[in-house]
Amino acid sequence: QVQLVESGGGLVQAGGSLSLSCAASGRTFSSYAMGWFRQAPGKEREFVAGISRSGGTTYYADSVKGRFTISRDNAKNTVYLQMNSLKPEDTAVYYCAADPSALTRITRFYDYWGQGTQVTVSS
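Conventions and cut-offs
- Positions within a chain are numbered from 1, following the residues in the order the chain's sequence is written.
- This being a predicted model, a pLDDT of at least 70 is required before a residue's local features are given, and a value of 80 or more before pairs of side-chain atoms are given or counted; all residues contribute to the totals for chains, interfaces and linings.
- Heavy atoms from the whole structure form the basis of all side-chain values; hydrogens and water molecules are not counted.
- Stacked, tilted and edge-to-face pairs are distinguished by plane angle, under 30 degrees for stacked and over 60 for edge-to-face with tilted covering the rest, among Phe, Tyr and Trp rings (Trp via its six-membered ring) whose centres lie within 6.5 Å.
- Numbering of helices and strands runs from the N terminus, with a helix taken as a DSSP run of H or I at least four residues long and a strand as a DSSP run of E at least two residues long.
- Only protein chains enter the accessibility calculation, which uses a 1.4 Å probe; a residue is then buried when its area is under 20% of its type maximum, exposed when over 50%, and partly exposed in between.
- Two strands qualify as a pair provided DSSP detects at least 2 bridges between them.
- The convention used is that axes are lines fitted to C-alpha atoms, helices contributing only their stretch in contact, and that angles between N-to-C directions extend from 0 to 180 degrees.
- Pairs of N or O atoms within 3.5 Å make up the polar contacts considered here, provided that, within protein, one atom can donate a hydrogen while the other can accept it, and that residues adjacent in sequence are counted only when both atoms are side-chain atoms.
- Between two residues, a contact is recorded if the distance between any of their heavy atoms is within 4.5 Å.
- Neither His nor the chain ends contribute to the count of charged residues, in which Lys and Arg are positive and Asp and Glu negative.
- Salt bridge, as used here, is a side-chain nitrogen of Lys or Arg placed within 4 Å of a carboxyl oxygen of Asp or Glu.

**With respect to the packing of aromatic side chains**
1) Next: Inspection of the entire model under this criterion finds 6 aromatic pairs.
2) Next: Plain terms: the ring middles of Tyr95 and Trp113 are 6.5 Å apart, the flat faces sit at 75° to each other, and that makes the pair edge-to-face. Placement of Tyr95 in strand β9 (residues 92-99) and of Trp113 in strand β10 (residues 112-113) is noted, with a sequence separation of 18 residues between them.
3) Next: Trp113 sits in the partly exposed class, given a relative accessible area of 26%.
4) Next: Three or more aromatic residues joined by ring pairs form one cluster here, namely Phe37, Phe47, Tyr95, Tyr110 and Trp113.

Set out below in structure tokens:
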């Protein structure tokens, strides 16, 4: 099992930046593909970005491509999401998640989830 704890959310003006972190417990962090998801009020949880076990492959939702960057440090058991040029529509609770199999955009394949961190972008 792995436990995930997100941090770094907050309130930012449109056009600003935030950096999210997700710290994982356990010694098998490098055996999980990792993803960031978000859920806005009244909407379904959606895929934002994902990274393979080694960090060599990344996926992004079209809505964040070119603005967000996912990365990981397996020595620190941490995955990051750098968010630039933020827009009001990026407002949501952001979750990190761990997938014990291959990197995927599909929510149901992620077995472990953090508690989420709120990101609010004001216009």
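**Topic: the sheet that holds strand β1 (residues 4-7)**
1) Next: Spatial strand order, β1-β3-β8-β7: 4 strands in an open sheet with antiparallel pairing. Where the open sheet ends on each side, the last strands, each with one partner, are β1 and β7 (68-73). In this sheet, neighbouring strand axes are inclined to one another by 15° on average, regardless of whether the strands run parallel or antiparallel.
2) Next: Examined bridge by bridge, strand β3 (residues 18-24) and strand β8 (residues 78-83) share 6 bridges and lie antiparallel to one another. By the bridge assignment, Ser21 is partnered in β8 with Tyr80.

**Some words on unusual backbone geometry**
Note: most peptide bonds trans; most residues except glycine with negative phi.
1) Next: Positive phi is not limited to glycine here, since Asn77 has a value of about 55°.
2) Next: Structurally, the position occupied by Asn77 is in the loop between β7 and β8.
3) Next: Overall, Asn77 belongs to the buried group, its relative accessible area being 17%.
4) Next: Backbone geometry at Ser85 places phi at a positive 50°, although glycine is not the residue there.
5) Next: Within the secondary structure layout, Ser85 lies in the loop between β8 and β9.

**Some thoughts on the side chain of Asp90**
1) Next: Here Asp90 shows up in the loop between β8 and β9.
2) Next: At a separation of 2.9 Å, a polar atom in the side chain of Asp90 contacts the side chain of Arg38.
3) Next: What Asp90 contacts, discounting residues up to four positions off in sequence, is Arg38, Arg67, Phe68, Ser85, Val119 and Val121.

**Here we look at the side chain of Asp99**
1) Next: With respect to the helices, strands and loops of the structure, Asp99 is situated in strand β9.
2) Next: The buried charged residue Asp99 lacks any salt bridge partner; its closest oppositely charged side chain belongs to Arg53, at an N-O distance of 6.7 Å.
3) Next: At 2.8 Å, the side chain of Asp99 and the side chain of Ser101 are in polar contact.
4) Next: If sequence neighbours within four positions are ignored, Asp99 has contacts with Ser31, Tyr32, Ala33, Thr104, Phe109 and Tyr110.

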